[in-house]
2 protein chains.
Amino acid sequence: MRSLGQRVELLKVIAHPVRIRILEELMKGVKCVSDFEEFLEISQPNVSQHLSLLRRFGVIDFYVDGRLKCYFLVDPIIPDIMEILKKDYVKGLPAPACCPVTKKGVYPGERKR
Amino acid sequence: MRSLGQRVELLKVIAHPVRIRILEELMKGVKCVSDFEEFLEISQPNVSQHLSLLRRFGVIDFYVDGRLKCYFLVDPIIPDIMEILKKDYVKGLPAPACCPVTKKGVYPGERKR
DNA sequence: TTTATATATTCAAATATACTAATATTTGCA
DNA sequence: TGCAAATATTAGTATATTTGAATATATAAA
């Protein structure tokens, strides 16, 4: 089981628009640095920085192919998180058990002292 | 479906050790500020700051009970994410389809140019 | 109506993160 | 061997986040 610190680090690594797009792209298959440079509109050094951050935290890895570095997903938690993240919380649907809901002015008096 | 920006914001809000512990505690039930003050070892203002951040992003909400504010989970994505985060990636198990693995020195030559 | 309790807000300092620009490294090929 | 392509690294600056300290607000109780 991941420690609290590991969970925080993992979330922080994913919590960036460029890195999310990188990870989503890697879910489709192996990609090299210049592939990302194309469809993300950021500089090559910046792509490298994000990739090496993701690698440092064990989320992705690469193999060398000629002068290309081919990156791929390593941690299988990524597709799981990405899928859940897309689920929207639709207001108006019945709230799940974990979520008591206040109805204008009428409060659950669950905790008295 | 959540936009890229919304997904990033959500992850950033969760990605903090204190806030993860707050959310895990709220998964067990409704809690007021002083409850958190006890088991987290941080100041009351800091607890409030984290709670109001979580609330600002629609993750939690509260109802008033006397002079207490009782916080509860609102976004049902939280328990889902928390559960996934605990799954560890155990090296040595067969890698999932999304994850080509390099064996020392022998590289998959998938992408030639 | 004063006081104590519970919580929130504000501001400033410390720290962490992100980006750009410049430069370095590595490898394939002429 | 020397050049060009692909990628990485470093340093500096800008920006965001976190926290503590002080203060403010709201409400129940005396």
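In short, a report on the structure. Because the structure is predicted, anything quoted here is derived from the model rather than measured. The numbering scheme is per chain: residues are counted from 1 as the chain's sequence reads. Throughout, the order in which chains and ligands are written sets their labels, letters from A for the former and numbers from 1 for the latter. Per-residue local features are limited, in this predicted model, to residues with pLDDT of at least 70; the limit for side-chain atom pairs, both in listing and counting, is 80 or more; totals at the level of whole chains, interfaces and linings are taken over all residues. Values reported for side chains reflect all heavy atoms of the structure, with hydrogen atoms and water molecules removed beforehand.

### Details of the packing of helix 2 (residues 17-26) of chain B against helix 5 (residues 77-86) of chain B
Residues and elements named next belong to chain B.
Line of reasoning, step 1. Angles run from 0 to 180 degrees between N-to-C directions of axes, and those axes are lines fitted to C-alpha atoms, restricted for helices to the stretch in contact. Helix and strand assignments follow DSSP, with helices taken as H or I runs no shorter than four residues and strands as E runs no shorter than two, numbered in order from the N terminus. One can describe the packing of helix 2 onto helix 5 by two numbers: an axis separation of 10 Å at closest approach and a directional angle of 115°. By the angle class used here, helix 2 and helix 5 are roughly perpendicular. Here helix 2 and helix 5 pass one another in a crossing that is left-handed. Only Ile78, Met82 and Lys86 of helix 5 make contact with helix 2, whose side of the interface consists of Ile20, Leu23 and Glu24.
Line of reasoning, step 2. Looking at the contact of helix 2 with helix 5 residue by residue, the classes come out as four nonpolar, no polar and two charged. Roughly parallel means an angle under 35 degrees; roughly antiparallel means over 145; roughly perpendicular covers 65 to 115; every other angle is labelled oblique. By definition, turning the near helix anticlockwise from the far helix through less than a right angle yields a left-handed crossing, and turning it clockwise yields a right-handed one. Residue contacts are counted whenever heavy atoms from the two residues lie within 4.5 Å of one another. Any residue outside Ala, Val, Leu, Ile, Met, Phe, Trp, Tyr, Cys, Pro, Asp, Glu, Lys and Arg is labelled polar, Gly included; the first ten of those are nonpolar and the last four are charged.

### What to know about the protein's contact with DNA strand C
Line of reasoning, step 1. Not every one of the 20 residues close to DNA strand C is listed here, only the nearest: Ser34, Gln44, Ser48, Gln49 and Tyr71 of chain B.
Line of reasoning, step 2. When the atoms of DNA strand C within 4 Å of the protein are grouped by moiety, sugar and phosphate amount to 57% of the total.
Line of reasoning, step 3. The separation between a phosphate oxygen of DNA strand C and a polar side-chain atom of lysine 12 of chain A is 3.1 Å.
Line of reasoning, step 4. Here tyrosine 71 of chain B contributes a side-chain N or O atom positioned 2.5 Å from a phosphate oxygen of DNA strand C.
Line of reasoning, step 5. When residues of the surface near DNA strand C are traced back to their parent elements, those giving at least two are helix 4 (44-56) of chain A together with helix 3 (33-39), helix 4 (44-56) and strand 3 (68-73) of chain B. Any residue with a heavy atom lying within 4 Å of a molecule or strand is counted as near it. Side-chain atoms alone can form a polar contact between residues adjacent in sequence; in general such a contact is a pair of N or O atoms within 3.5 Å, and within protein one must be able to donate a hydrogen while the other accepts it.

### Some words on the nonpolar core
Line of reasoning, step 1. Put simply, buried Ala, Val, Leu, Ile, Met, Phe, Trp, Tyr and Cys residues joined by side-chain atoms within 4.5 Å make one nonpolar core. Residue exposure (1.4 Å probe, protein chains only): buried if accessible area is under 20% of the type maximum, exposed if over 50%, otherwise partly exposed. One finds Ile14, Leu23 and Ile60 of chain A together with Ile14, Leu23 and Ile60 of chain B to be the most contacted residues of the largest nonpolar core, which totals 56 residues.
Line of reasoning, step 2. Contact partners of isoleucine 60 of chain A, with chain neighbours within four places excluded, come to Leu23, Leu26, Leu51, Leu54, Arg55, Tyr71, Phe72, Leu73 and Val74 of chain A.

### Things to note about the sheet that holds strand 3 (residues 68-73) of chain A
Residue and element names in this part refer to chain A.
Line of reasoning, step 1. In this analysis, strands are considered paired if DSSP registers two or more bridges between them. Strands sit in the order 1-3-2 across an open sheet of three strands; the sheet is antiparallel. Sheet topology places strand 1 (31-32) and strand 2 (60-65) at the edges, where each strand pairs with a single neighbour.
Line of reasoning, step 2. Bridge count for strand 2 against strand 3 is six bridges, and the pairing is antiparallel. By the bridge assignment for strand 3, isoleucine 60 is matched with leucine 73.

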